[in-house]
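Results of the structural survey
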Amino acid sequence: MDAIFRALSDPARRRLLDRLNEHNGLTLTGLCADMGMTRQSVSKHLDILEEADLVATLRRGREKLHYLNAAPINDIADRWIHHYDRARAEALSDLKTALEATPMDQKSDQTTFVYTTYINATPEQVWQGLTEPAFTERYWRHPASGGVSYRSDWRKGSTYDVAYEQVGLVVSDPEQVILESDPYRRLAYAWHTFTPEWASEHGFDEATASAWRAEPRSKVAFEIEEAGEGVVKLTVVHDGFAPGSAVLEGVRGGWPAVIASLKTLLETGSALPAA
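Structural notes, computed from the coordinates. These numbers come from a predicted model, not from an experiment. All residue numbers refer to positions counted from 1 along the written sequence of the respective chain. Thresholds applied to this predicted model are a pLDDT of at least 70 for local features of residues and 80 or more for the giving and counting of side-chain atom pairs; totals over whole chains, interfaces and linings are not thresholded and use all residues. Water and hydrogen atoms were dropped before computing side-chain values, which therefore reflect all heavy atoms in the structure.

**Describing the pattern of salt bridges**
- Salt bridges, as used here, are contacts in which a Lys or Arg side-chain nitrogen is within 4 Å of a carboxyl oxygen on Asp or Glu. Counted under the stated rule, the structure contains 10 salt bridges.
- The partner of Glu50 in a salt bridge is Lys64, with the nearest N and O atoms 3.8 Å apart. Of the two residues, Glu50 is situated in helix H4 (residues 39-51) and Lys64 in strand S2 (residues 63-68); the sequence distance between them amounts to 14 residues.
- Only protein chains enter the accessibility calculation, which uses a 1.4 Å probe; a residue is then buried when its area is under 20% of its type maximum, exposed when over 50%, and partly exposed in between. On the accessibility criterion, Lys64 (31% relative accessible area) is partly exposed.
- Ionic pairing is found between Asp173 and Arg217, a salt bridge with its closest N-O pair at 3.6 Å. Only DSSP runs of H or I reaching four residues or more are called helices, and only runs of E reaching two or more are called strands; each is numbered from the N terminus.

**Details of the packing of aromatic side chains**
- Note on ring pairs: Phe, Tyr and Trp rings are taken, using the six-membered ring of Trp, and paired if centres are within 6.5 Å. Classes follow the plane angle, with under 30 degrees stacked, over 60 edge-to-face and the rest tilted. A complete count under the given rule lists 18 aromatic pairs for this structure.
- With 6.2 Å between their ring centres and 40 degrees between their planes, Tyr150 and Tyr189 make a pair best called tilted. Placement of Tyr150 in strand S5 (residues 146-151) and of Tyr189 in strand S9 (residues 186-190) is noted, with a sequence separation of 39 residues between them. Each of the two residues, Tyr150 as well as Tyr189, counts as buried.

**Digging into H4**
- Here a helix's expected span is defined as the number of its residues, less one, multiplied by 1.5 Å. The end-to-end C-alpha distance of H4 is 18 Å, a good match for the 18 Å that 13 residues give at a rise of 1.5 Å each.
- All of the buried residues along H4 are Val42, His45, Leu46, Ile48 and Leu49. Buried residues in H4, looked at end-on, bunch into an arc of 160 degrees, giving them a common side. With respect to the buried face of H4, the exposed residues turned more than 90 degrees away are Gln40, Lys44 and Glu51.
- For this analysis, residues touch if any pair of their heavy atoms sits within 4.5 Å. Along its buried surface, H4 packs onto helix H1 (2-8), helix H2 (11-22), helix H3 (28-32), strand S1 (55-60) and S2. Throughout, the arc means that of the directions going from the helix axis to the C-beta atoms.

**Quick word on unusual backbone geometry**
- One non-glycine residue, Asp34, lies in the positive phi region at around 65 degrees.
- Within the secondary structure, Asp34 sits in the loop between H3 and H4.
- Backbone geometry at Tyr184 places phi at a positive 75 degrees, although glycine is not the residue there.
- Topologically, Tyr184 is positioned in the loop between strand S8 (178-182) and S9.

**Comments concerning the nonpolar core**
- Tyr189 and Trp255 are the most contacted members of the largest nonpolar core, which has 44 residues in total.
- Those residues in contact with Trp255 that lie beyond four places of it in its chain are Phe113, Trp140, Trp191, Val220, Phe222, Val236 and His238.
- Nonpolar cores were defined as sets of buried Ala, Val, Leu, Ile, Met, Phe, Trp, Tyr and Cys residues, with membership established by side-chain atoms within 4.5 Å. In this structure, Ile4, Leu28, Met35 and Ala52 belong to the second largest nonpolar core, which totals 20 residues.

**As for the sheet that holds S8**
- A pair of strands is treated as paired once DSSP finds two or more bridges between them. Pairing is antiparallel across the open sheet formed by five strands, whose spatial order is S3-S11-S10-S9-S8. Both outer strands of the open sheet, strand S3 (113-119) and S8, are each paired with one neighbouring strand and no more. Strand after strand, the sheet turns through a mean of 10 degrees between neighbouring axes, direction not considered.
- The sheet contact formed by S3 and strand S11 (residues 232-239) spans seven bridges and is antiparallel. Bridge pairing in S11 places Phe113 opposite His238.
- Here an angle of 0 to 180 degrees is reported between the N-to-C directions of two axes, which are lines fitted to C-alpha atoms, with helices fitted over the stretch in contact. Against the sheet, helix H7 (residues 123-131) makes contact with S3, S8, S9, strand S10 (219-226) and S11, and its axis sits at roughly 160 degrees relative to S10, the strand it touches most.

**Comments concerning the environment of Val55**
- The topology assignment puts Val55 in strand S1.
- Among the residues examined, Val55 registers a relative accessible area of 4% and is labelled buried.
- Between the C-alpha atom of Val55 and that of Thr116, which follows or precedes it by 61 residues, the distance is 8.9 Å.

As structure tokens, this is what we get:
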């Protein structure tokens, strides 16, 4: 927490976060534009933001791209909000919203979602949480449809099914494929299919469901890294979206809750209640 508050205390670093909030996935050159400081100074500020996990980075060829990571703000809200009076709680909420929300006129530039968190668990336990139906149905829950089981042998090239056991719904498609599988290190798969049955269960009207189905199939990847004894750094990268993607806006709101529930399940034995 100290690193987070230290990072947020500097107006230049808050401005860099604002820049990433407006346009995620910027290079160092892009972030330096109009900052009124040297490239070296911007780099030092980014190092502090990365140390606090407020900024996550990805390599795309020779470029290093920077992404806003809202997980630490979520942690602040979860840990401290009940200790403050309403006015201060609302101030924290405003900060969380400012870092997570994307202005409507900028959304068309967003094509990648990145989210990083730390879990008190082993890489093997996190892998179990991501792949075993007995785990996913406990933390990946829909208020109306119950738990969600992801069924696969999790080998590269295999397909997977998404099963809502409570309502007897199974989403299968030959394009729901495991793209990468390196146990305890990395897992990636093509995102699931928005079948009419799935859309109906989630309360989508046909126009919205059709628009989602018309988008290119996206991909989600999970990076599992040891970050100290008994601690895992989990990074979720969901990309492959077209500019202005409605599906991206959907997963942007869903992933933080899913990953927070996974973290809680692995650390305490109980998942968060379905929202």
